[in-house]
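# A look at the structure
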Amino acid sequence: MQTEQLQRPKFAEQEFAFRYLFPADARVQRWPLDAFEQQLHFAPPAPPYEAGDAEDLEPIYRGISAGVVPPAGLRARLLCALLAIHVPTNITPFGIYGRHGSYPSPRAYYPLMFTLIDRERAHVCWIDPVALQLVPLASAISRGTAPLALKLGVNFEVYDALYNLFRKSLFALEAGHFFAELTELGNALGFTATLVFDDAGMRAEITDQSEAPVSATALQAHQDYARSRNSSHFGYGLYPVRYPLAGTELAALYQALRVALTAAQQQFPLTVQYPISIRICLHAAAEQAAGIYALESDGLRCVSDLDPFEACETFYNYPNFNVSNATALVFLGVERSVFALSDTQFIALNCALGFIAQYLIRYATGLALFARPFRSYDQHGMDRLLQFNVESQMTYYGVMLGKNRCAQHIGVLR
């Protein structure tokens, strides 16, 4: 075992190398999957499937598009939620990252793969979101007591070589974004989802809440939200306009973050032992001075009264967006001790960060703002700027909020 650990660096150590060293030789050719990635990897079978084997999901998807009452039964409601969340809602014509769903995916990869585990029927099926079919698989039923479970996998083959050291994090962050949506829509459709991490991978255990009324408008509201969420309907990125947060909007941001942190602690107990810190960069407004603020239990504490946006623009790595025009930048920080976590624990921590970021996206969309998560920044520079404790904390994940002056919907899939 010790020899194996020396030969294969831990997932967290690879992450550290990506963030602080960014070695050129680790991003030239796509690496083969390591043992941990092979456990998570799912290569989808190719259609056409044999006649009679696959279950047609198009009637369910038509109902989602029409905004009708969800079908009866836990299984049907879970499939409704999954299709509503995961099937692309918007398209950007001629854009290289053209697909957009109710949660974001780096470079519009959308590599998540979902397997439905039906313990009552003793069935395991893959959900094909393109062909809209439920495809039976010859797989063992995972242990668990809930009638249904949704196993989360990933097609690692879609990731560019650039992400050799970072692709497990990208998967886990995106899984957290997805799970936040599944939790939100599941509550409206009468079921709860609980994430489980074990040696069989990652899955959401689904429990029916028969006493909870099913919302007849939940699917339509989710579709409306998903179409509004997208932060870049144009092929050339965002076109932000300066829009400082008003006092009520800032108070709503504070409340959204507190709710997100509490929900994350309930779903991911690891975040209690390894707490997530938050820094918010703000422009000057009538009720708020410019500066960098730390989120604390009783409100926001100013850690720097200098306007940080020009510095953030210097540290931001992509040229398709002017950070200095963002309304706010929210950064999630973690304890450096997380690099001692096991691979499974580090996956759970990344899921928690994506889960929190998705709450921010919902907050921003409700204010007609865009919210785009990002990891593209100079790690050393951002750590110093945000004044995390350099001995024990580091900047991990960012979400930029802003007003896009070009916010019309161009393409809608129905």
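These lines cover the structure that appears in this document, whether it is placed above or below. Numbering of residues starts from 1 in each chain and follows the order in which that chain's sequence is written. Residue-level local features of this predicted model are given only where pLDDT is at least 70; pairs of side-chain atoms are given and counted only at 80 or more, and the full residue set underlies all totals for whole chains, interfaces and linings. The basis for the side-chain values is all heavy atoms of the structure; hydrogens and waters are excluded.

The subject of this paragraph is the pattern of salt bridges. Counted as salt bridges are all cases of a side-chain nitrogen of Lys or Arg within 4 Å of a carboxyl oxygen of Asp or Glu. What the rule picks out here adds up to 15 salt bridges. Across the pair Arg-62 and Glu-58 runs a salt bridge whose closest N-O atoms are separated by 2.9 Å. In this pair, Arg-62 and Glu-58 both sit in helix H4 (residues 58–66), four residues apart, roughly one turn of the helix. The cut-offs for exposure are 20% and 50% of the maximum accessible area for each residue type, with area from a 1.4 Å probe on protein chains only; residues under the lower value are buried, those over the upper are exposed, and the others partly exposed. The exposed category is assigned to Arg-62, whose relative accessible area is 56%. In this structure, Arg-301 and Glu-296 form a salt bridge, with 2.5 Å as the shortest nitrogen-oxygen distance. The class of Arg-301 is partly exposed, set by a relative accessible area of 39%. Overall, Glu-296 belongs to the partly exposed group, its relative accessible area being 29%. Taken together, the shared-partner salt bridges connect Asp-34, Glu-37, Arg-167 and Lys-168 into one network. Runs of H or I in DSSP of at least four residues are treated as helices and runs of E of at least two as strands, each being numbered from the N terminus.

Before going further, it helps to examine empty space enclosed by the protein. Cavities and pockets are defined on a 1 Å grid built over the protein atoms alone: a cavity is a set of grid points where a 1.4 Å probe fits but cannot escape, while a pocket is an open set with protein on both sides within 12 Å along at least five of seven lines, and lining residues are those with an atom within 4 Å of any such point. Grid points are joined across faces, edges and corners, and a volume is the space filled by probe spheres set on the points. Applying the stated criterion across every chain, the model contains two cavities of 30 Å³ or more. As for the largest cavity, its lining consists of Phe-36, Gln-39, Leu-40, Phe-197, Asp-198, Gly-201, Met-202, Thr-344 and Ile-347. Contributions of two or more residues to the lining of the largest cavity are made by helix H3 (35–40), strand S8 (191–198), strand S9 (201–208) and helix H11 (343–366). The element contributing the most residues to the lining of the largest cavity is H3, with three residues. Among the residues making up the lining of the largest cavity, the classes are represented as five nonpolar, three polar and one charged. Taken together, Leu-245, Leu-250, Leu-282, His-283, Ala-285, Gln-288 and Thr-327 form the lining of the second largest cavity. For the lining of the second largest cavity, the class distribution of residues is four nonpolar, three polar and no charged. Here the term charged refers only to Asp, Glu, Lys and Arg, the term nonpolar to Ala, Val, Leu, Ile, Met, Phe, Trp, Tyr, Cys and Pro, and the term polar to all other amino acids, Gly among them.

With that settled, consider the pairing of strand S6 (residues 133–136). Along any regular strand, the residues point their side chains to alternate faces of the sheet. Taken together, the two bridges between strand S1 (residues 55–56) and S6 define a ladder with antiparallel strand orientation. Bridging from a neighbouring strand, Glu-55 pairs with Leu-134 of S6. Summarising the sheet, strand S5 (residues 123–128) and S6 pair through four bridges and their orientation is antiparallel. Across the sheet, residue Ile-127 finds its bridge partner in S6, namely Leu-134. What sits between the antiparallel neighbours S5 and S6 is a turn of four residues, in which Leu-132 has the positive phi angle 55°. Any two strands with at least two DSSP bridges between them are considered paired.

At their nearest, the axes of helix H7 (residues 218–229) and H11 sit 10 Å apart, and the two run at 90° to each other. The angle between H7 and H11 falls in the class roughly perpendicular. Where H7 abuts H11, its residues His-222, Tyr-225, Ser-228 and Arg-229 lie against Gln-358, Ile-361, Arg-362 and Thr-365. For every element, the axis is a line fit to its C-alpha atoms; helices are fit only across the contacting stretch, and the angle between N-to-C directions ranges from 0 to 180 degrees. When an angle is under 35 degrees it counts as roughly parallel; over 145 it counts as roughly antiparallel; between 65 and 115 it counts as roughly perpendicular; any other value is oblique. It only takes one pair of heavy atoms within 4.5 Å for two residues to be counted as in contact.

Any two rings among Phe, Tyr and Trp, with Trp reduced to its six-membered ring, count as a pair given centres within 6.5 Å; such a pair is stacked if its planes are under 30 degrees apart, edge-to-face if over 60, and tilted if neither. All chains considered together, the criterion is met by 24 aromatic pairs. With a centroid separation of 4.7 Å and 5° between ring planes, the pair formed by Phe-18 and Phe-166 is classed as stacked. Here the residue Phe-18 occupies a position in helix H2 (residues 11–21), and Phe-166 occupies one in the loop between strand S7 (148–154) and helix H6 (167–189), the gap between them amounting to 148 residues. Residue Phe-18 shares its accessibility class with Phe-166, and that shared class is buried. For the ring pair Tyr-316 and Phe-374, a centre distance of 5.6 Å and an interplane angle of 85° mean the geometry is edge-to-face. Linking Tyr-316 in the loop between helix H10 (309–315) and strand S14 (328–335) with Phe-374 in strand S15 (residues 370–374), this pair joins segments that are 58 residues apart in sequence. Since its relative accessible area comes to 10%, Tyr-316 is described here as buried. Ring-pair connections join several aromatic residues into one group, and the members of that group are Phe-11, Phe-16, Tyr-20, Phe-339, Phe-346 and Tyr-396. Only lysine NZ and arginine CZ atoms are considered, and such an atom sits over a ring when it is within 6 Å of the ring centre and within 35 degrees of the ring normal. The positively charged end of Arg-19 is found above the aromatic ring belonging to Tyr-396, 3.8 Å away from the centroid.

Time to look at the pairing of strand S13 (residues 299–304). Where strand S12 (residues 291–296) lies against S13, five bridges are found, and the strand directions are antiparallel. Of the residues in S13, the one forming a bridge with Ala-294 is Arg-301. Taking the residues that link successive antiparallel strands as the turn, the S12-S13 hairpin has two residues.

Further remarks concern the nonpolar core. Ranked by size, the top nonpolar core spans 108 residues in total, and within it Ile-127, Phe-171, Phe-178 and Leu-182 carry the most contacts. Per element, the largest residue contribution to this core is 13 residues, and it comes from H11. When sequence neighbours within four positions are dropped, the list of residues in contact with Ile-127 reads Leu-57, Leu-79, Leu-82, Leu-83, Phe-114, Thr-115, Leu-116, Gln-133, Leu-134 and Leu-150. In terms of nonpolar packing, the next biggest core, distinct from the first, is built from 21 residues, Phe-315, Ala-326, Phe-374 and Tyr-377 among them. Throughout, nonpolar core names a set of buried Ala, Val, Leu, Ile, Met, Phe, Trp, Tyr and Cys residues whose side chains join them through atoms within 4.5 Å.

For sheets, the rule is that strands pair by backbone hydrogen bonds, running either parallel or antiparallel. If you walk across this open sheet you meet the seven strands as S1-S6-S5-S4-S7-S9-S8, and the pairing is antiparallel. Each having just a single partner strand, S1 and S8 make up the two edges of the open sheet. Relative to S7, strand S4 (residues 112–118) runs antiparallel, the two sharing seven bridges. Bridge assignment links Leu-112 to a residue of S7, and that residue is Val-154. Packing against the sheet, H11 makes contact with S8 and S9, and its axis sits at approximately 145° to S8.

What follows is about helix H12 (residues 379–386). When you tally the buried positions in H12, you get six out of eight residues, the bulk of the element. Phi turns positive one or two residues past the end of H12, at Gln-387, with a value near 60°.

Take the side chain of Gln-288 next. Assignment of secondary structure puts Gln-288 in the loop between strand S11 (277–282) and S12. Given a relative accessible area of 17%, Gln-288 falls into the buried group. A polar contact is formed between the side chain of Gln-288 and the side chain of Tyr-293, at a distance of 2.6 Å. Excluding anything up to four places from it in sequence, Gln-288 contacts Leu-250, Leu-282, His-283 and Tyr-293. A 3.5 Å cut-off defines polar contacts: any pair of N or O atoms within that distance qualifies, except that in protein one atom must be a possible hydrogen donor and the other a possible acceptor, and neighbouring residues in sequence count only when both atoms are side-chain atoms.

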